Amino acid sequence: MMEEDTVRIKQIDEKRNIETQQETESTQGEPNHISRRTFLRAAMASAGMLAAGGVSLPVGAAKPGTVVTRNPLKIPPAASPGNFALSAAPATVDIGGGKLSNVLAYNGFFPGPTFRANSGDVASVLLTNGLSEETTVHWHGMIVPTSADGHPRDAVAPGASYSYQFPIQQRACLNWYHPHPHMMTGEQVALGLAGAFIVNDAEEAALGLPSGAYEVPLIIRDAKFDSSGNLIYTAKSSGFLGNIPLVNGTRDPKLDVDTAIYRFRVLCGSNARLFKLALSNGAQFTLIGNDGGLLETASVLGQIEFSPGERLDLIVDFRGLAVGTKVMLQDLNSGWNLLEFNVTRQVSVAGTVPTGTLSTITPLTSPVTTREFSFDGMSRINGKVYDINRIDFQVPLGQTELWRFTTGGNAPHPAHVHGASFQVQSRSGGRGVLFPWERGWKDTVLLQDGETVEVLIRFDAYRGLYLLHCHKLEHEDMGMMSNFEVI
Ligand SMILES: [Cu+2]
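Throughout, residues of each chain are indexed from 1 in the direction in which the sequence is written. Given that this is a predicted model, residues contribute local features only at a pLDDT of at least 70 and side-chain atom pairs are listed and counted only at 80 or more, while totals for whole chains, interfaces and linings are drawn from all residues. With hydrogens and water stripped out, all remaining heavy atoms of the structure feed into the side-chain values.

**Points about unusual backbone geometry**
Okay, step 1: For the bond running from Phe110 to Pro111, omega is -5 degrees, close enough to zero to count as cis.
Okay, step 2: Secondary structure follows DSSP: runs of H or I at least 4 residues long count as helices, runs of E at least 2 residues long count as strands, and numbering of each begins at the N terminus. As for its placement among the helices and strands, Pro111 is situated in the loop between strand 4 (100-106) and strand 5 (114-118).
Okay, step 3: Cis geometry is found at the peptide bond from Ala411 to Pro412, where omega equals 5 degrees.
Okay, step 4: Residue position: Pro412 is located in the loop between strand 27 (400-407) and strand 28 (413-417).
Okay, step 5: With phi around 50 degrees, Ser366 is a residue other than glycine that occupies positive phi space.
Okay, step 6: With respect to the element layout, Ser366 can be found in the loop between strand 23 (336-345) and strand 24 (369-376).
Okay, step 7: Residue classification places Ser366 among the exposed residues on the basis of a relative accessible area of 57%. In this scheme, a residue with accessible area under 20% of its type's maximum is buried, one over 50% is exposed, and one in between is partly exposed, where area comes from a 1.4 Å probe on protein chains only.

**Some remarks on the sheet that holds strand 1 (residues 71-72)**
Okay, step 1: One open sheet holds the six strands; their spatial order is 1-15-23-22-17-20, and the pairing between them is mixed. With partners counted over all chains shown, the strands left at the sheet margins are strand 1 and strand 20 (304-306), one partner each.
Okay, step 2: Being paired, for any two strands, means DSSP has found at least two bridges between them. Sheet topology places strand 22 (residues 326-331) next to strand 23; six bridges connect them, and they run antiparallel. Note that in strand 23 the partner of Gln330 across the bridge is Asn337.

**A few points about the sheet that holds strand 10 (residues 195-200)**
Okay, step 1: The mixed open sheet is built from five strands, whose spatial order is 2-5-10-9-7. Only two strands of the sheet have a single neighbouring strand rather than two, namely strand 2 (78-79) and strand 7 (138-140).
Okay, step 2: The pairing of strand 7 with strand 9 (residues 173-178) spans three bridges and is antiparallel. Across the sheet, His140 pairs through a bridge with Trp176, a residue of strand 9.

**A look at the coordination of the copper ion**
Okay, step 1: Each metal's donors are the N, O and S atoms within 2.8 Å of it, or within 3.2 Å when it is Na, K or Ca, and because water is not part of the set, sites may look incomplete. Only His413 (ND1), Cys470 (SG) and His475 (ND1) from the protein coordinate the copper ion, and they sit 2.0 to 2.1 Å from it.
Okay, step 2: Each donor residue of the copper ion lies on the same chain, and together they follow the pattern H-x56-C-x4-H. Of this pair, His413 sits in strand 28 while Cys470 sits in strand 32 (residues 464-470); the two residues are 57 residues apart in sequence, bridging distant segments of the chain.

**Topic: the pattern of salt bridges**
Okay, step 1: Any carboxyl oxygen of Asp or Glu within 4 Å of a side-chain nitrogen of Lys or Arg constitutes a salt bridge here. Enumeration over the complete set of coordinates arrives at 22 salt bridges.
Okay, step 2: A salt bridge links Arg273 to Asp222; its shortest N-O distance comes to 2.8 Å. Of this pair, Arg273 sits in the loop between strand 16 (261-268) and strand 17 (275-279) while Asp222 sits in strand 11 (residues 215-225), and the two are 51 residues apart along the sequence.
Okay, step 3: Classification of Asp222 as buried rests on a relative accessible area of 0%.
Okay, step 4: A salt bridge links Glu438 to Arg427, with the shortest nitrogen-to-oxygen separation between them at 2.8 Å.

**Considerations on the pairing of strand 30 (residues 444-447)**
Okay, step 1: Side chains of strand 30 alternate between two faces, with Thr444 and Leu446 and Val445 and Leu447 buried alike.
Okay, step 2: The sheet contact formed by strand 28 and strand 30 spans four bridges and is antiparallel. Looking across to strand 30, one finds that Pro414 is bridged to Leu446.

Structure below.
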């Protein structure tokens, strides 16, 4: 494993820039190859910087009070996944104001096209790998057969193609797609490979939620750029943190809005950063859904914190605002301005902010098995570093189980499961409560230090190989991941 990893890291990118960071807990028991890898990466980072003739000096996020030129928010093109040719390849894109950046892109778009389908449709996507390294596509939140899950075992070699085929048999929700290759997920996502996947159904349609121009996907992430303005990846074992926020691949974005109700489909697309969303005018969000679709009832909230891989379905009401008003979507954690809403047009659009019952969610009950998963250090689950060939446990199809996630340190760890959604039951230690955005169906739940989170889960759809992992992508790449089999 050790030599294999070393070779793989070398293949990735000789100029990548990786710093090591000590774990806050004892590293005793941390397998050898991790320290070998971090050492190797640090050595390569030095070599890369020498070759490049110096260290780049990316400009930080704008300071408060600075006048910022705002760029129209990019809206990725919509696409049907019915019979779609998807390429992953280097591209040059405008991230706003004519600033051209070299990125990795799906079909030349950063973010990739937004897939939109109805429950009951069939997805058939042919990926062609135009990268210089292997990749896969994982359909995060989609319940798909193992062959379509983008497991690192199903790596697609440079120049090769892979056909992802799956029926869409789940409720309306916002999911997303991104690479999941062995130990290179963090790099490929940070360099631009991600896109939204929206599923619609009749239950959702009956609510008459804002649609068309009033339904806007927002992929929020952080990023780093070199002095030429190209996206770069500088991994840290504690997680990649960029210094520039991007929404839909747009720097300093603005969105012209009408005096109407909007539905924002929000994805935390960062590798490691948590965002705490709020509106600058003190207005509140109406939260109507999350990872697995609509909640039973809406919640009105001033602040919402979410972590890599989590999704939010938010209603924002601009009806009472005067034309000319500017409202900023902010991240209270970093102090960043994420997206400026400019109220530019007075309209009268029918519609109301949803209240009351949105959806029916049948609770999972009576687990027959309890499993414990300790997210240890920065690279292990239950003491073990991921081994692509090792199956760590087996889960009977159709059996309700209680999974208990714990962590001894080095959080945040967003715990993510493939192959099924779960229902969060409790959080003890740490923050000690469940939040309104953790109701309903989830596939990613945040563990902070000292926390134990219990979920109920049942795999109803497919037998086969799936993954449990930390969605801090650097932790995932270092081995905080586990293979399991639904039998
Ligand atoms: Cu983690």
